[in-house]
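Letter by letter, the chains look like this.
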Amino acid sequence: MRKDGTEFQVEISLSPLETADGLLVSAAVHDVTSRRCASRVAPQPRLAADDDESGRGPLLVRALAHDWGVRPTDEGKTTWFGLTL
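Reading guide: rules and limits
- Residues numbered from 1 in each chain as written.
- Predicted model: local features only at pLDDT ≥ 70, side-chain atom pairs only at ≥ 80, totals over all residues.
- Heavy atoms only, no water.
- Helix = DSSP H or I, 4+ residues; strand = E, 2+ residues; numbered from the N terminus.
- Contact = heavy atoms within 4.5 Å.
- Areas by Shrake-Rupley, 256 points an atom, 1.4 Å probe, with all protein chains shown as cover.
- Patch = residues over 30% accessible without salt bridge, like charges linked within 9 Å, V, L, I, M, F, W, Y side chains within 5 Å.
- Salt bridge = Lys/Arg side-chain N within 4 Å of Asp/Glu carboxyl O.
- Lys, Arg positive; Asp, Glu negative; His and termini not counted.
- Charge placed at Lys NZ, Arg CZ, Asp CG, Glu CD.
- Pairing = 2+ DSSP bridges.
- Buried < 20%, exposed > 50% of the residue type's maximum accessible area, 1.4 Å probe, protein only.
- pLDDT = per-residue confidence, 0-100.

**Observations regarding the overall build of the protein chain**
In terms of helices and strands, the protein chain carries two helices and four strands. Partitioning the contacts of the protein chain with sequence separation of at least 6, the portion at a separation of at least 24 is 41%. Here the protein chain displays about 6100 Å² of accessible surface, and carbon together with sulfur accounts for 55% of that area.

In structure tokens, the structure reads:
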């Protein structure tokens, strides 16, 4: 949900994997809105202003995930990341 309360569609894929260090969850979040689909530029972590509606996702992923990246798709891009729980 955006800051203004409007919703947008995403696809989220979660894949659990048991490791010697505990449960690892690999996650992929794909924004499927047509506005975002036009962009094929990889997101970059940045400090978003208090009133920005976007820009925090890559910063949060970088802070919490042990690994992450971006994969271009026909519809836009998919950001994937792995979390150790």
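Back to the write-up after that little detour.
**Overview of a negative patch on the surface**
Taken together, the side chains of Asp 4, Asp 50, Asp 51 and Glu 53 present a region of like negative charge at the surface. For Asp 51, the location among the structural elements is in the loop between α1 (34-37) and α2 (57-64).

**Regarding the pairing of strand β3 (residues 67-73)**
Sheet analysis places β3 next to strand β4 (residues 76-84), joined by seven bridges and oriented antiparallel. Considered in β4, the bridge of Arg 71 is made with Thr 78. In this structure, the hairpin formed by β3 and β4 is closed by a connection of two residues.

**Focus: the environment of Val 61**
Here Val 61 is to be found in helix α2. For Val 61, a relative accessible area of 14% gives the class buried.

**Focus: the environment of Leu 60**
Mapped onto the elements, Leu 60 comes out in helix α2. The exposure class of Leu 60 is exposed, given its relative accessible area of 51%.

**Topic: the side chain of Thr 78**
Structurally, the position occupied by Thr 78 is in strand β4. A relative accessible area of 7% places Thr 78 in the buried class. In this structure, Thr 78 is in contact with Ala 28, Val 29, His 30, Gly 69, Val 70, Arg 71 and Thr 73, ignoring residues within four places of it in sequence.

**What about the confidence of the model for the protein chain?**
Across the protein chain, the average pLDDT comes to 75, with 80% of residues at 70 or higher. The least confident element of the protein chain is α1, whose mean pLDDT is 47; the most confident is strand β1 (residues 10-19), at 86.

**Examining the environment of Gln 9**
One can find Gln 9 in the segment before β1. As for Gln 9 and His 30, which are separated by 21 residues in sequence, their C-alpha atoms are 8.6 Å apart.

**Points about a nonpolar patch on the surface**
Together, Phe 8, Val 10, Ile 12, Leu 14 and Val 29 make up a nonpolar patch on the protein surface, roughly 420 Å² of accessible area in all. Per element, the largest residue contribution to the nonpolar patch is three residues, and it comes from β1. By the element assignment, Ile 12 lies in strand β1. On the basis of relative accessible area, Ile 12 is assigned to the exposed category, the value being 57%.

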